[in-house]
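Each chain, letter by letter, is given below.
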Amino acid sequence: MILIVAQSLMAHARMPESFADLAEKISPSVVNITTSTTVAGRTGPQGIVPEGSPFEDFFREFQDRGGQGDRPRRSSALGSGFVISEDGFIVTNNHVIEGADEVLIEFFSGEELPAEIVGTDPNTDIALLKVESDEPLPFVSFGDSDTARVGDWVMAMGNPLGQGFSVSAGIVSARNRALSGTYDDYIQTDAAINRGNSGGPLFNMDGEVIGVNTAILSPNGGSIGIGFSMASNVVTRVVDQLQEYGETRRGWLGVRIQDVTEDVADALGLAEAKGALVSDVPEGPAMEAGMEAGDVIISFDGKEVEDTRGLVRQVGNTAVGKSVRVVVNRNGETQTLLVTLGRREEAESAVPAAQPGPEEEAPQSMDLMGLTLSPLTSEIREQLELPESARGLAVMDVDETSEAFEKGLRAGDVITEAGQAQVLALSDLEDRIAEAKEAGRKSILLLVRRAGDPRFVALNIADDE
């Protein structure tokens, strides 16, 4: 009986009786944000009557009614944010201020100040603003989002639907959610988040910001208890860089990667489906360090790599210019490469060069694994709009009932490698399949290019004759 009472008291102690003290403490640091943007005066349908028509003057008068005509007009939007330093730095979402000509900050006290945009990061949807104030501003600090647990109480504050300085509470519903971005690490919460809450803070019970409210999942545009806040441990790194440089500076490894699936792991002879499979190595840090397509990255800078999303975040969070040890599995053996990271922002448009190879002697065709294949000839290159330097086997047709079709192969794709070896002729592919079977493997790994973009696909060969 005593134990039951004690457990009940402990549970009651962890559940707040009221959020009033916390709301009172943090309210002065939360702000409403109003943006103003100049847009074209006439954005509707134009030219609804032919030029010279007797109705032209009538319709021009109708469109210009109200005195607007072609003059630009002002459009405004609302959002939220929070102060992170007494000298006036403010964090919000990039989409709140994107394209704005003017940004006005309203404080809890009613004071309004214009803000300048210090820097933005569309990848994490974070923006840093700055206001000038004669007095030190109340501010809040970031907490460690990694310590937030599913079930912990959280509180959101912001400007939902223009109803400024509104508070809602809930719990952490899930962690490490990914929506669509490369660097996504969202905290999911059931605290009510609506339009206008964007950019506002998500607090833990210590009054620390553990997330920036960014998005909701809703069929009707209103809160249904599924909101997403970008984790503070992502935000703080972005904010520090924006504050110091006015832009982000993320590490860049210089590889194209994909997840290691079960069939890919089997084709490579790996014990488990973990790591990041390198599908291409354009000119850059990884190439200079000796990394090759087909390598599986299993460790980066001393940390185990689970999948591609984890690797991208690890690399992006590493300082530009740092030399890191990257452990790869290559042909069943591990190798350690020392890579000096570049800067991702400077290399976003890097395109790998095609590797030249010998021309085939004569065109051939073969049906294999549900694919109709032919070596690349000048005629096929022209048909597929490929450069003369392109080499490999062209996919001329795909059986729609085959595994190859299910895994996304289509006519026009080019197979450049099989079993991590270059294929220039149909006999090369047959040899690679025979070698894989002799090694006891059930599938073979193909490097497939579509419009120059590479990816690995593992196809079953156990029943292929």
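Here the structure is a predicted model, which means the values were calculated and not measured. (Residues numbered from 1 in each chain as written. Predicted model: local features only at pLDDT ≥ 70, side-chain atom pairs only at ≥ 80, totals over all residues. Heavy atoms only, no water.)

**Student:** Is there a simple way to think about the overall build of the protein in this case?
**Tutor:** Assigned secondary structure in the protein consists of eleven helices and 27 strands. Taken across its 465 residues, the protein has 44% of its residues classed as buried. Residue pairs in contact within the protein that sit at least 24 positions apart in sequence constitute 62% of those at least 6 positions apart. By element, 48% of the accessible surface of the protein is carried by carbon and sulfur atoms, the whole surface being about 23,800 Å². (Helix = DSSP H or I, 4+ residues; strand = E, 2+ residues; numbered from the N terminus. Buried < 20%, exposed > 50% of the residue type's maximum accessible area, 1.4 Å probe, protein only. Contact = heavy atoms within 4.5 Å. Areas by Shrake-Rupley, 256 points an atom, 1.4 Å probe, with all protein chains shown as cover.)

**Student:** Explanation requested: helix 5 (residues 232-245) in the structure shown.
**Tutor:** Each α-helix winds once per 3.6 residues, and so residues spaced three or four apart point in a common direction. Over its 14 residues, helix 5 extends 19 Å from the first C-alpha to the last, a length consistent with the 20 Å expected when each residue adds 1.5 Å. Of the residues making up helix 5, those classed as buried are Ser232, Asn233, Val234, Val235, Val238, Val239 and Leu242. Just downstream of helix 5 lies Gly246, where phi reads positive at about 80 degrees. (Expected span 1.5 Å × (residues − 1).)

**Student:** Please explain helix 8 (residues 308-316) as it appears in this structure.
**Tutor:** For helix 8, every residue scored as buried is listed here: Thr308, Leu311, Gln314, Val315 and Gly316. Contact partners of the buried residues in helix 8: strand 13 (251-252), strand 14 (256-259), strand 15 (276-280), strand 16 (296-300) and strand 17 (303-304). For helix 8, the capping residue at the N-terminal end is Asp307, with a side-chain oxygen 3.4 Å from the backbone nitrogen of Arg309. (Polar contact = N/O pair within 3.5 Å; in protein donor to acceptor, adjacent residues only side chain to side chain.)

**Student:** Help me understand the side chain of Thr189 in this model?
**Tutor:** Checked against the element boundaries, Thr189 lands in strand 9 (residues 186-189). When its relative accessible area of 0% is taken as the criterion, Thr189 is described as buried. At a separation of 2.9 Å, a polar atom in the side chain of Thr189 contacts the main-chain carbonyl oxygen of Ile171. If we ignore the near neighbours within four places in the chain, the residues touching Thr189 are Val154, Ile171, Ser173, Leu202, Gly225, Ile226 and Gly227.

**Student:** When you look at the packing of aromatic side chains in this model, what are you seeing that I'm missing?
**Tutor:** Working definition: an aromatic ring pair is given by the centre-to-centre distance plus the angle between the planes. A full pass over the atoms with the stated rule returns four aromatic pairs. Plain terms: the ring middles of Phe19 and Trp153 are 5.6 Å apart, the flat faces sit at 65 degrees to each other, and that makes the pair edge-to-face. With Phe19 in the loop between helix 1 (2-14) and helix 2 (20-26) and Trp153 in strand 7 (residues 153-158), this residue pair connects regions lying 134 residues apart in the sequence. Note on Tyr186 and Phe228: the rings are 6.2 Å apart at their centroids and 75 degrees apart in plane angle, and the pair reads as edge-to-face. Taken together, the residues Tyr186 in strand 9 and Phe228 in strand 12 (residues 227-231) connect sequence positions 42 residues apart. (Phe/Tyr/Trp six-rings, centres within 6.5 Å; stacked < 30°, edge-to-face > 60°.)

**Student:** Sorry if this is basic, but what is going on with the nonpolar core here?
**Tutor:** Generally speaking, nonpolar side chains in soluble globular proteins are found buried as a group. In terms of nonpolar packing, the biggest core is built from 25 residues, with Ile26 and Val91 touching the most fellow members. Breaking this core down by element, the ones donating at least two residues are helix 2, strand 3 (89-93), strand 6 (126-130), strand 7, strand 11 (209-216), strand 12 and helix 5. Here this core takes five residues from helix 5, the largest share from any one element. Those residues within four positions of Val91 in sequence are excluded, and the remaining contacts are Gly81, Phe82, Ile84, Ile126, Ala127, Leu128, Phe142, Gly199, Val212, Val235 and Val239. (Core = buried A, V, L, I, M, F, W, Y, C linked by side-chain atoms within 4.5 Å.)

**Student:** Help me understand the environment of Leu104 in this model?
**Tutor:** Looking at where Leu104 falls in the secondary structure, it is placed in strand 4 (residues 102-106). Sequence spacing of Leu104 and Ser36 is 68 residues, and the spatial spacing of their C-alpha atoms is 8.3 Å.

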